[in-house]
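Residue-level listing of the chains:
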Amino acid sequence: MKILIKQRIDAAEMFAKAGRTEQAAKEEAERRMLEAYLPASASEEEMDAAIADAMSETGATAIKQMGLVMKAVNEKLKGKTIDGRC
């Protein structure tokens with residue numbers, strides 16, 4: 001589903017750059033419809049809190065322990081949509 005949403009975002013941007021606003025609006029409408037079927041996104045505050053909690057729970061102090069922290073964060077945010085890109 002995320003791939004379909006990304007395709008709509010990219011297509012809307014391309015149509016907007018080409019001056020085809022009607023087609024861009026159609027792509028945006030389709031994107032909103034698809035997003036309605038996804039779980040709610042985690043807010044930045046929720047992600048920050050989950051990361052802080054996971055770091056204190058795991059006692060992580062080095063980058064080598066990132067896997068443990070990420071596993072704990074994913075458990076805390078289970079059921080929410082998370083964009084894993086930085």
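Rules behind the numbers
- The residue count restarts for each chain, going from 1 along the sequence in the order it is written.
- Given that this is a predicted model, residues contribute local features only at a pLDDT of at least 70 and side-chain atom pairs are listed and counted only at 80 or more, while totals for whole chains, interfaces and linings are drawn from all residues.
- With hydrogens and water stripped out, all remaining heavy atoms of the structure feed into the side-chain values.
- Each patch groups residues whose relative accessible area exceeds 30% and which form no salt bridge, using 9 Å between like charges and 5 Å between nonpolar side chains of Val, Leu, Ile, Met, Phe, Trp and Tyr.
- Using a 1.4 Å probe, the Shrake-Rupley method yields the accessible areas, and only the shown protein chains count as cover for residues.
- The salt bridge criterion pairs a side-chain nitrogen of Lys or Arg with a carboxyl oxygen of Asp or Glu, the two atoms within 4 Å.
- Residue burial is assigned from relative accessible area. The probe radius is 1.4 Å, only protein chains are included, and a residue is buried under 20% of its type maximum, exposed over 50%, and partly exposed in between.
- Under this scheme, a helix contributes an axis fitted over its contacting stretch, all axes are lines through C-alpha atoms, and angles between N-to-C directions fall in the 0 to 180 degree range.
- Helix numbering and strand numbering both begin at the N terminus, where a helix is a DSSP run of H or I of at least 4 residues and a strand a DSSP run of E of at least 2.
- For this classification, under 35 degrees means roughly parallel, over 145 means roughly antiparallel, 65 to 115 means roughly perpendicular, and everything else is oblique.
- Each crossing gets its hand from how the near helix is turned against the far one by less than a right angle, where anticlockwise is left-handed and clockwise is right-handed.
- It only takes one pair of heavy atoms within 4.5 Å for two residues to be counted as in contact.
- Note on residue categories: nonpolar means Ala, Val, Leu, Ile, Met, Phe, Trp, Tyr, Cys or Pro, charged means Asp, Glu, Lys or Arg, and polar means any other residue, Gly included.
- Confidence scores here are pLDDT values: one per residue, from the predictor, ranging 0 to 100.

Draft legend 1. Summary view of a nonpolar patch on the surface. A cluster of nonpolar side chains, namely Met1, Leu4, Met33 and Tyr37, defines an oily patch on the protein surface of about 450 Å² accessible area. With a relative accessible area of 37%, Leu4 lands in the partly exposed category.

Draft legend 2. Here's a closer look at the packing of helix 3 (residues 44-58) against helix 4 (residues 66-76). Two numbers describe how helix 3 lies on helix 4: the axes approach to 9 Å, and their chain directions differ by 130 degrees. As far as their axial angle goes, helix 4 and helix 3 are oblique. In the crossing of helix 3 with helix 4, the sense of the turn from one axis to the other is right-handed. Side by side, helix 3 and helix 4 meet where Ala50, Ile51, Asp53, Ala54, Met55, Glu57 and Thr58 of the first sit next to Leu68, Val69, Ala72, Val73 and Lys76 of the second. Of the residues contributing to the contact of helix 3 with helix 4, the split by class is eight nonpolar, one polar and three charged.

Draft legend 3. Inspection of the environment of Ala60 at higher detail. Position of Ala60 relative to the elements: it lies in the loop between helix 3 and helix 4. Residue Ala60 is classed as buried on the basis of its relative accessible area of 14%. Discounting residues that sit within four places of it in the chain, Ala60 has contacts with Met55, Gln65 and Val69.

Draft legend 4. Structural view of the confidence of the model for the protein. In this model, the protein carries an average pLDDT of 89, and 95% of its residues clear a pLDDT of 70 or more. Ranking the elements of the protein by mean pLDDT puts helix 4 last, at 90, and helix 2 (residues 21-35) first, at 94.

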